[in-house]
Amino acid sequence: MTESPAIESFNNAEGRRVVTADTAEEAGKIMKYIIDPTGHRIHALQIGGGLFKSDVAVLWSDVTAFGGDAVMIRSGSAVSDLSGDREEAVAKGKIHLRQTKVLMTSGFEAGEVTDARFDTRTGLLETIETDQGSIPASRVRSLGSYALVVDPAPTGPAV
Amino acid sequence: MTLLMRASDLMGLPVVSIDTGEDVAEIRDVVYDASTHRVLGFTLNKRGFLGGRLKSNLAISSIHAVGPQAVMVPSESDVLEERPDDEAVSAPSTAVIGHRVLNAAGSELGQVVGVIVEAGSSAAAVGYEVEPPDGSGRLFVPISMQMALSSDNVLLPEGAEAFVRHDLGAFGAAVSEYRSSETQAQPSQSQPPSASGAPAAPPPQPNQPPAGSASDPSAPSTGDPS
């Protein structure tokens with residue numbers, strides 16, 4: 001049995017089975033992560049290839065456990081169509097975290113997102129991994145269709 | 001040392017809102033007033049293939065920062081809503097492109113072909129790009145508060161000529177040196193009087209550019225919108 005780590009990465013958990021806690025059915029596999037506009041937490045998981053014909057979403061609040069082998073969700077009824085604006089934008093590929101441009105509030109670009117690490121208990125992002133290094137989630141200001149906007153690293157002594 | 005950019009490289013840059021990560025507009029023109037040596041703001045185009053002119057202008061006071069790849073505003077409403085300062089951006093302002101640059105001795109250095117600005121929150125204008133009359137390489141001359149300006153000519157004060165450079169990379173360092181020399185030249189204006197009446201040490205430079213995360217300063221920024 002795989003021990004369930006507290007911090008996982010998007011790339012690592014992509015494709016993981018999503019199982020309903022009430023009937024033990026496989027709802028599908030994780031296809032995409034839908035991040036909220038602040039860029040700080042997972043709003044929902046887009047899942048596909050299981051019980052449902054087309055891609056659907058389950059809100060993070062309906063995830064009961066994010067395990068190393070499977071993600072447990074409350075029930076099959078927690079799954080819904082990708083109808084919210086955010087879900088739709090993600091499904092259409094307009095908003096995504098990985099391969100998104102990193103743009104600092106100074107107007108300087110800083111590479112591209114390659115991965116993100118999150119807390120499996122809360123769905124909060126811990127760090128954003130980019131081709132130029134790691135950025136703590138505390139520096140993220142927003143995630144939109146153009147860029148992930150981040151504050152530049154502090155240059156003075158840490159407060 | 002802060003990154004220097006040609007004002008013309010700002011044209012076409014996306015205007016991105018910090019609160020949503022969306023590109024809400026793009027820069028059409030930089031509005032520069034030579035009499036005050038200030039970028040007043042920008043006129044805007046809509047983003048996208050069919051983007052025409054956006055009605056509202058963007059005053060410099062609404063901007064969080066100007067960088068080589070984007071102009072950042074705090075929120076989408078800074079672009080979409082009219083702000084009191086936006087009116088001033090379209091008011092007639094003193095132009096400088098095409099002006100002859102003369103030195104104190106009466107020699108012509110060339111004609112102004114562009115304005116050089118600093119990356120940062122105010123896009124401070126720090127120099128002019130000048131095309132010499134003999135067709136030799138372009139020059140960068142520092143903007144000085146003492147620059148005399150008429151409808152045809154710009155006069156480079158005597159102290160400024162030593163800081164003229166032939167490439168943008170070297171010009172950045174020259175601008176910093178020029179500013180500290182300008183400050184030291186006027187100690188009575190910038191220091192509190194010392195008790196003994198003796199001149200005090202040079203004060204900290206009030207306009208010290210912030211140490212930004214500058215990309216290679218010797219490479220002219222492309223300003224290409226992605």
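The structure under discussion appears in the preceding block.
The following refers to the structure shown. (Residues numbered from 1 in each chain as written. Chains lettered and ligands numbered in written order. Predicted model: local features only at pLDDT ≥ 70, side-chain atom pairs only at ≥ 80, totals over all residues. Heavy atoms only, no water.)

Description of the overall build of chain A
Helices and strands together make up the secondary structure of chain A, namely two helices and 14 strands. Here chain A has a C-alpha radius of gyration of 16 Å; the compact-globule value for 159 residues is 15 Å, and the two agree. In terms of overall dimensions, chain A has C-alpha extents of about 55 × 35 × 20 Å along its principal axes. For chain A, long-range pairs separated by at least 24 residues make up 50% of all intrachain contacts whose partners lie at least 6 apart in sequence. Roughly 7,600 Å² of accessible area belongs to chain A as shown, and the carbon and sulfur atoms make up 50% of that amount. Within chain A, the 22 negative side-chain charges are centred at a point lying 3 Å from the centre of the 16 positive side-chain charges. (Helix = DSSP H or I, 4+ residues; strand = E, 2+ residues; numbered from the N terminus. Rg over C-alpha atoms; globule rule 2.2 N^0.38 Å. Contact = heavy atoms within 4.5 Å. Areas by Shrake-Rupley, 256 points an atom, 1.4 Å probe, with all protein chains shown as cover. Lys, Arg positive; Asp, Glu negative; His and termini not counted. Charge placed at Lys NZ, Arg CZ, Asp CG, Glu CD.)

Thoughts on the sheet that holds strand 6 (residues 63-66) of chain A
In a beta sheet, neighbouring strands pair by backbone hydrogen bonds and run either parallel or antiparallel. All names here are of chain A. Sheet architecture is open: seven strands sit in the order 6-7-2-3-4-5-8, paired in mixed fashion. The strands lining the two open edges of the sheet, one partner per strand, are strand 6 and strand 8 (79-81). Direction aside, the axes of adjacent strands within the sheet are offset by 40 degrees on average. As judged from the six bridges shared by strand 3 (residues 26-35) and strand 4 (residues 42-48), these two strands associate in the antiparallel manner. Looking across to strand 4, one finds that Tyr33 is bridged to Leu45. (Pairing = 2+ DSSP bridges. Axes fitted to C-alpha atoms, helices over the stretch in contact; angles between N-to-C directions.)

Re the sheet that holds strand 2 (residues 14-17) of chain B
Residues and elements named next belong to chain B. The strand order 5-4-3-2-7-6 describes an open sheet built from six strands, whose pairing is mixed. Two strands lie at the open edges of the sheet, namely strand 5 (58-59) and strand 6 (65-66), each paired on one side alone. Two strands pair when backbone bridges link them, and strand 6 and strand 7 (residues 71-73) are joined in this way by two bridges, in the antiparallel orientation. Paired with Val66 across the two strands is Val71, which belongs to strand 7.

A look at the pattern of salt bridges
Enumeration over the complete set of coordinates arrives at 13 salt bridges over all chains. Arg121(A) is the partner of Asp119(A) in a salt bridge, and the nearest nitrogen-oxygen pair spans 3.1 Å. Classification of Arg121(A) as exposed rests on a relative accessible area of 62%. One network of salt bridges, in which partners are shared, links Arg6(B), Glu129(B), Glu131(B) and Arg138(B). (Salt bridge = Lys/Arg side-chain N within 4 Å of Asp/Glu carboxyl O. Buried < 20%, exposed > 50% of the residue type's maximum accessible area, 1.4 Å probe, protein only.)

What to know about the packing of aromatic side chains
Residue and element names in this part refer to chain A. Tallied over the full model, the rule gives nine aromatic pairs over all chains. Considering the side-chain rings of Phe10 and Tyr33, the 4.0 Å spacing of their centres and the 15 degrees angle between planes classify their relative orientation as stacked. With Phe10 in helix 1 (residues 10-13) and Tyr33 in strand 3, this residue pair connects regions lying 23 residues apart in the sequence. Assessed through its relative accessible area of 1%, Phe10 is described here as buried. (Phe/Tyr/Trp six-rings, centres within 6.5 Å; stacked < 30°, edge-to-face > 60°.)

What to know about the interface of chain B and chain A
Listed as interface residues are 25 residues of chain B and, on the opposing side, 18 residues of chain A. Summed over both partners, the interface of chain B with chain A comes to about 1,500 Å²; 56% of that surface belongs to carbon and sulfur atoms. Where chain B touches chain A, the interface holds zero salt bridges. On inspection of chain B and its partner chain A, the count reaches nine residue pairs in polar contact (both at pLDDT 80 or more). (Buried area = accessible area lost by both parts, 1.4 Å probe. Polar contact = N/O pair within 3.5 Å; in protein donor to acceptor, adjacent residues only side chain to side chain.)

Concerning the pairing of strand 5 (residues 56-59) of chain A
All names here are of chain A. Pairing of strand 4 with strand 5 involves four bridges; the strand directions are antiparallel. Bridge assignment links Ala44 to a residue of strand 5, and that residue is Leu59. In this sheet, strand 8 lies alongside strand 5 in antiparallel orientation, the contact comprising three bridges. Following the sheet pairing, Val56 is matched in strand 8 by Asp81.

Remarks on the pairing of strand 3 of chain A
All names here are of chain A. As judged from the three bridges shared by strand 2 (residues 17-20) and strand 3, these two strands associate in the antiparallel manner. The residue bridging Val19 from the neighbouring strand is Glu26, located in strand 3. Connecting the antiparallel pair strand 2 and strand 3 is a turn made up of five residues, with Ala24 showing a positive phi of about 60 degrees. Linking two consecutive strands that pair antiparallel, namely strand 3 and strand 4, is a turn of six residues; a positive phi of about 80 degrees is found at Gly39 within it.

A word on helix 3 (residues 168-184) of chain B
Residues and elements named next belong to chain B. Its 17 residues give helix 3 an end-to-end C-alpha distance of 25 Å, which sits within 8% of 24 Å, the value for a rise of 1.5 Å per residue. What helix 3 keeps buried is the set Leu168, Gly169, Phe171, Gly172, Ala174, Val175, Tyr178, Arg179, Ser180, Glu182 and Thr183. Two or three places before Gly169, at the opening of helix 3, Asp167 has a side-chain oxygen 3.0 Å from that residue's backbone nitrogen. (Expected span 1.5 Å × (residues − 1).)

A short note on unusual backbone geometry
A negative phi angle characterises most non-glycine residues, just as the trans form characterises most peptide bonds. Residue and element names in this part refer to chain A. Positive phi is not limited to glycine here, since Ala24 has a value of about 60 degrees. Take Ala24: it is sitting in the loop between strand 2 and strand 3. Ala24 sits in the exposed class, given a relative accessible area of 62%.

A few points about the nonpolar core
Counting 94 residues, the largest nonpolar core has Leu45(A), Leu97(A), Val15(B), Phe42(B) and Tyr128(B) as the members making the most contacts within it. Beyond its immediate stretch of four places on either side in the chain, Phe42(B) contacts Leu10(B), Ile27(B), Asp29(B), Val30(B), Asn57(B), Leu58(B), Ile60(B), Ile63(B), Val66(B) and Val89(B). Counting eight residues, the second-largest nonpolar core is a separate cluster that includes Leu103(A), Tyr146(A), Val149(A) and Ala70(B). (Core = buried A, V, L, I, M, F, W, Y, C linked by side-chain atoms within 4.5 Å.)

Notes on the side chain of Asp78(B)
Residues and elements named next belong to chain B. Inspection of the secondary structure assignment puts Asp78 in helix 1 (residues 77-80). Take Asp78: its relative accessible area is 9%, and that puts it in the buried class. If sequence neighbours within four positions are ignored, Asp78 has contacts with Leu58, Ser62, Val73 and Arg83.

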